[in-house]
Amino acid sequence: MSITPAVEVLLRTVSTLRGAGCVFAEEEAELLLDAAATPAELDVLVHRRVVGEPLEVILGWAEFCGLRVRVDAGVFVPRQRTRFLVDLAAELARPGSVVVDLCCGTGAIGAAVAARVPGIDLSCADVDPHAVRCARLNAGPDAHVYEGDLYDALPDSLRGRVDVLVVNAPYVPTDEIAMMPPEARDHEPRHALDGGADGVEVHRRVAVGAPAWLAPGGSLLIETSEEQAPLTARAMADHGLVPRVSTNDEMYCTVVVGTRAGD
């Protein structure tokens, strides 16, 4: 049986991607072929992937929790393991809940929680203006998106009213960034990866301010690693929150949930 030209292009693309070390070469090849309008454009897209650019940046979007999330160059790409953080946040939220996606990046987490729990009052914030632009496109017309460093970005009207504070802050120790895959290390912003000497520096800053922003009975959720979870939990406990650690082995994700006591 002869091979059609379309199949030949697909096989050649798969071979090129596999040779560059792409684990999911078949799936990536199909996505790149769908995105390319001409053979010349396909060559450009494949070259960008071969030299290590994230697939999601090349496509301009990532699939996350059933949503197509806009991803621009220089913005942190949402990880599939973070679906577990969304699961836990959605369990705590109700219609009318005040939900804040802090260190929001593309706004994928906030958007996914809003899709799961219609009617939440969603705010997103990030220090990076590129991420903020993405979040404004992804979070939906009813969301509020702010630019600034952690709580400095939020309006005072949210103080003491946040029911669910969800955070995917950086937690890679500084010395381990050099060991990350090049598509993250070379193409994502350093501030979205670097968690400081032990990976928990930003978590501590978040924990310091959380009690002032959480409503009574509200919860702070931070994605972390299994090894760093005790440090993240300690940071929450040191500032009056009651922490618990949840781990999802299938998604390779660990989240620490710290709850403010009810008044």
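Refer to the structure presented above.
What counts, and where the lines are drawn
Residues numbered from 1 in each chain as written. Predicted model: local features only at pLDDT ≥ 70, side-chain atom pairs only at ≥ 80, totals over all residues. Heavy atoms only, no water. Helix = DSSP H or I, 4+ residues; strand = E, 2+ residues; numbered from the N terminus. Rg over C-alpha atoms; globule rule 2.2 N^0.38 Å. Contact = heavy atoms within 4.5 Å. Areas by Shrake-Rupley, 256 points an atom, 1.4 Å probe, with all protein chains shown as cover. Axes fitted to C-alpha atoms, helices over the stretch in contact; angles between N-to-C directions. Parallel < 35°, antiparallel > 145°, perpendicular 65-115°, else oblique. Left-handed = near helix turned anticlockwise from the far one by under 90°. Nonpolar A, V, L, I, M, F, W, Y, C, P; charged D, E, K, R; others polar. Salt bridge = Lys/Arg side-chain N within 4 Å of Asp/Glu carboxyl O. Buried < 20%, exposed > 50% of the residue type's maximum accessible area, 1.4 Å probe, protein only. Patch = residues over 30% accessible without salt bridge, like charges linked within 9 Å, V, L, I, M, F, W, Y side chains within 5 Å. Lys, Arg positive; Asp, Glu negative; His and termini not counted. Charge placed at Lys NZ, Arg CZ, Asp CG, Glu CD. Expected span 1.5 Å × (residues − 1).

A. Representation of the overall build of the chain. Of the regular secondary structure elements, the chain holds 10 helices and 9 strands. Here the chain has a C-alpha radius of gyration of 20 Å; the compact-globule value for 263 residues is 18 Å, and the two agree. For the C-alpha atoms alone, the extent of the chain along its principal axes is close to 75 × 40 × 30 Å. Counted over contacts in the chain with a minimum sequence separation of 6, partners at least 24 positions apart contribute 59%. Split by element, the accessible area of the chain, about 12500 Å² in all, is 54% carbon and sulfur.

B. How the structure looks around the packing of helix 5 (residues 83-92) against helix 6 (residues 108-116). Two numbers describe how helix 5 lies on helix 6: the axes approach to 9 Å, and their chain directions differ by 45 degrees. Judged on the interaxial angle alone, helix 6 and helix 5 are oblique. Crossing of helix 5 against helix 6: the hand is right-handed. Here helix 5 contributes Leu85, Val86, Asp87, Ala89 and Ala90 to the contact with helix 6, which in turn contributes Ile109, Ala112, Val113 and Arg116.

C. Spatial organisation of the packing of helix 1 (residues 5-19) against helix 2 (residues 25-35). Interaxial distance between helix 1 and helix 2 falls to 9 Å at its minimum, and their mutual angle equals 125 degrees. Classified by the interaxial angle, the pair formed by helix 1 and helix 2 is oblique. As for how helix 1 packs across helix 2, the hand of that crossing is right-handed. Contacts from Val9, Leu10, Thr13, Val14, Leu17 and Arg18 of helix 1 reach helix 2 at Ala25, Glu26, Glu28, Ala29, Glu30, Leu32 and Leu33. Among the residues making up the contact of helix 1 with helix 2, the classes are represented as 8 nonpolar, 1 polar and 4 charged.

D. View of the pattern of salt bridges. Taken as a whole and judged by the stated rule, the model has 13 salt bridges. In this structure, Glu53 engages Arg48 in a salt bridge whose closest nitrogen and oxygen atoms are separated by 2.7 Å. The class of Glu53 is buried, set by a relative accessible area of 15%. Residue Arg79 pairs with Glu188 through a salt bridge whose shortest N-O separation is 2.8 Å. Note that Arg79 is positioned in the loop between strand 2 (67-70) and helix 5 and Glu188 in the loop between helix 8 (182-185) and helix 9 (201-213), a separation of 109 residues in sequence. Looking at Arg79, the relative accessible area reads 17%, which means it is buried.

E. Quick look at a negative patch on the surface. Taken together, the side chains of Asp175, Glu176, Glu226, Glu227 and Asp249 define an acidic patch exposed on the protein surface. Tracing the sequence through the fold places Asp175 in the loop between strand 6 (162-167) and helix 8.

F. Quick look at helix 9. Between its terminal C-alpha atoms helix 9 stretches 19 Å, which fits the 18 Å expected from 13 residues at 1.5 Å a residue. Those residues of helix 9 that sit buried are Val202, His203, Val206, Ala207, Gly209, Ala210 and Trp213. In the core, the buried residues of helix 9 are packed alongside strand 6, strand 7 (214-224) and helix 10 (229-238).

So yeah, pure geometry; function would need other evidence.
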